[in-house]
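Spelled out, the chains give:
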Amino acid sequence: ILRHESRRLFMQSGILREGSSHYHLLLTRNYLDVTLAARRHGRSEQAEFEDVARKALAVARELRLPGGFPLIGDISPDSPPQYLTCLSNSDIRTGWLESLSEDEREYVLSLMDRAANREALAYDGWLRKKQGPWSGLWHASPKGWCAMPGHGHQDCGGFELHCEDEAVLIDPGRGAYGQEGEAFKYASGEVHNILLIDGADPFPPNKPYYNEFFRNQICGNGTTVKSEPYLTIEHDGYTRFPGVGKVSRQFQPFMNGWRIFSRVEGSGQRTISQHFVTPLIVELKGNEATLVGREKYRFRAQSLWHTQAVTIWSAYGKGTSGTILALEETTTLPFYSQVDLEIM
């Protein structure tokens, strides 16, 4: 079961298929557990389990940003994220690593020597990019539709941006399971750093009985992620609506920050909303928002900002206060937008 399921659970790059960064750590720990058990008892399976664990550890290191490990997707109640973030940083010897014997801890640390295959990781829908003091992580399921089976978060094109070791724009995660109320809200597109049309999620809910032909008939060919010349994410999720074409977002270096271009192709009138989640204090003045942390950041748009309170989850059922910065405009397609984020 362990050997067979590893090929289903993890994608080619070593990332967990279902789209949750915390569950990636959990499954990485599980395969380290069986690797260590095989090592203790001289089992031949050690080499195969070790290879799975080594690739998963490389990805865990790639997911970690300077301001902390992003909690994208569901957060498990089985283990606090802080207990497992040691798997994303070989300099941290706390949490689960601290529970091992010195010999086994050094063995696990030796498995962290492999660098993630960034090209394979981008193909699997995860892209890391650094620009000056900024580091970012972008996520877009290769097919657009949420992985099946998976946690169903509507975060196609979502991202985090950190400046040095300060998290500026983040994914809030989800602090409870459920298909209604607040638990459902935190899996929806409403609380992710993405663009929405008419308040609908980027893709419909996925079902295990849908085949690829049916999905393509409904929403085209999924997503495209490019890193050159500028980081660009495109998807066809809204082509299920009459007159709506491709959605694209491009992230360009700008001054000492980022310029985010958004475009929606098509014709007819639609309501476009863009959401950005921040843990920092927000001060608004017209179309300019100031985000206040250790540094101050200017966030300038072409229309007025609106704010909404949000919980930023640090563990299952445990969170702190944050803010959704929102732009909303009813307009005739095609739609274009420019948002600038920079250090003040």
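Look a little higher up for the structure.
Here goes a summary of the coordinates provided. Small disclaimer: the values here were computed from a predicted structure and weren't measured.

The rules behind each value
Position labels on residues start from 1 in each chain and follow its written sequence. Selection of residues for local features in this predicted model requires a pLDDT of at least 70, selection of side-chain atom pairs for listing and counting requires 80 or more, and totals for whole chains, interfaces and linings are taken over all residues. Values reported for side chains reflect all heavy atoms of the structure, with hydrogen atoms and water molecules removed beforehand. Between 30 and 60 degrees the pair is tilted, below 30 it is stacked and above 60 it is edge-to-face, where a pair is any two Phe, Tyr or Trp rings, Trp via its six-membered ring, whose centres lie within 6.5 Å. By the criteria applied, helices consist of DSSP H or I runs no shorter than four residues and strands consist of E runs no shorter than two, each listed in order from the N terminus. To sort residues, take the accessible area from a 1.4 Å probe on protein chains only and compare it with the maximum for the residue type: under 20% means buried, over 50% means exposed, and anything in between is partly exposed. A pair of strands counts as paired when DSSP detects no fewer than two bridges linking them. Note on method: axes are straight lines fitted to C-alpha atoms, helices fitted across the in-contact stretch only, with angles between N-to-C directions ranging 0 to 180 degrees. A pocket here means an open set of points on a 1 Å grid, computed over the protein atoms alone, that has protein on both sides within 12 Å along at least five of seven lines. A cavity is instead a set of points where a 1.4 Å probe fits but cannot get out; residues with an atom within 4 Å of a point line either one. Grid points are joined across faces, edges and corners, and a volume is the space filled by probe spheres set on the points. Salt bridge, as applied in this entry: a Lys or Arg side-chain nitrogen positioned within 4 Å of an Asp or Glu carboxyl oxygen. Amino acids are sorted into nonpolar (Ala, Val, Leu, Ile, Met, Phe, Trp, Tyr, Cys and Pro), charged (Asp, Glu, Lys and Arg) and polar (every other residue, Gly among them).

## Things to note about the packing of aromatic side chains
Part 1 of the argument: Counted according to the given criterion, the structure contains 17 aromatic pairs.
Part 2 of the argument: Considering the side-chain rings of tryptophan 145 and tyrosine 210, the 5.9 Å spacing of their centres and the 75 degrees angle between planes classify their relative orientation as edge-to-face. Of this pair, tryptophan 145 sits in the loop between β2 (134-139) and β3 (158-163) while tyrosine 210 is found in the loop between β5 (195-197) and α9 (212-219), placing the two residues 65 residues apart along the sequence.
Part 3 of the argument: Classification of tyrosine 210 as partly exposed rests on a relative accessible area of 22%.

## Section: the sheet that holds strand β9 (residues 257-266)
Within a sheet, neighbouring strands are paired by backbone hydrogen bonds and run either parallel or antiparallel to one another.
Part 1 of the argument: If you walk across this open sheet you meet the eight strands as β6-β7-β8-β9-β16-β13-β12-β11, and the pairing is antiparallel. Two strands in the sheet have a free side with no partner beyond their single neighbour: β6 (223-226) and β11 (281-285). Neighbouring strand axes in the sheet, compared pairwise and without regard to direction, differ in orientation by 15 degrees on average.
Part 2 of the argument: The sheet contact formed by β11 and strand β12 (residues 288-292) spans five bridges and is antiparallel. Across the sheet, residue lysine 285 finds its bridge partner in β12, namely glutamate 288.

## Some words on empty space enclosed by the protein
Part 1 of the argument: The tally for this structure, following the rule as stated, stands at two cavities of 30 Å³ or more.
Part 2 of the argument: The space that makes up the largest cavity amounts to roughly 80 Å³.
Part 3 of the argument: Around the largest cavity, the lining residues are Cys156, Gly157, Ile194, Leu195, Ile233, His235, Val247, Ser248 and Arg249.
Part 4 of the argument: Considering each element in turn, the lining of the largest cavity owes the most residues, three residues, to strand β8 (residues 244-254).

## Focus on the pattern of salt bridges
Part 1 of the argument: As enumerated under the stated definition, the model contains 23 salt bridges in all.
Part 2 of the argument: In this structure, arginine 300 and glutamate 342 form a salt bridge, with 3.8 Å as the shortest nitrogen-oxygen distance. Of this pair, arginine 300 sits in strand β13 (residues 296-300) while glutamate 342 sits in strand β16 (residues 335-343); the two residues are 42 residues apart in sequence, bridging distant segments of the chain.
Part 3 of the argument: Residues participating in the shared-partner salt-bridge network are Glu288, Arg298, Arg300 and Glu342.

## Notes on the layout of surface pockets
Part 1 of the argument: In this structure, the largest pocket occupies an estimated 610 Å³ of space.
Part 2 of the argument: Ser141, Pro142, Lys143, Trp145 and Ala147 are the residues nearest the centre of the largest pocket, which is lined by 34 residues in total.
Part 3 of the argument: Broken down by element, the lining of the largest pocket gets its largest block of residues, three residues, from β6.
Part 4 of the argument: Of the residues contributing to the lining of the largest pocket, the split by class is 13 nonpolar, 14 polar and seven charged.
Part 5 of the argument: By volume, the second largest pocket amounts to about 440 Å³.
Part 6 of the argument: If you go around the second largest pocket, you meet 24 residues; those closest to its centre are Gly67, Gly68, Phe69, Pro70 and Leu71.
Part 7 of the argument: Contributing elements (two or more residues each) for the lining of the second largest pocket: α4 (81-84), β3, β4 (166-169) and β14 (306-315).
Part 8 of the argument: A per-element tally of the lining of the second largest pocket places β14 first, with three residues.
Part 9 of the argument: Its residues placed into classes, the lining of the second largest pocket shows 12 nonpolar, eight polar and four charged.

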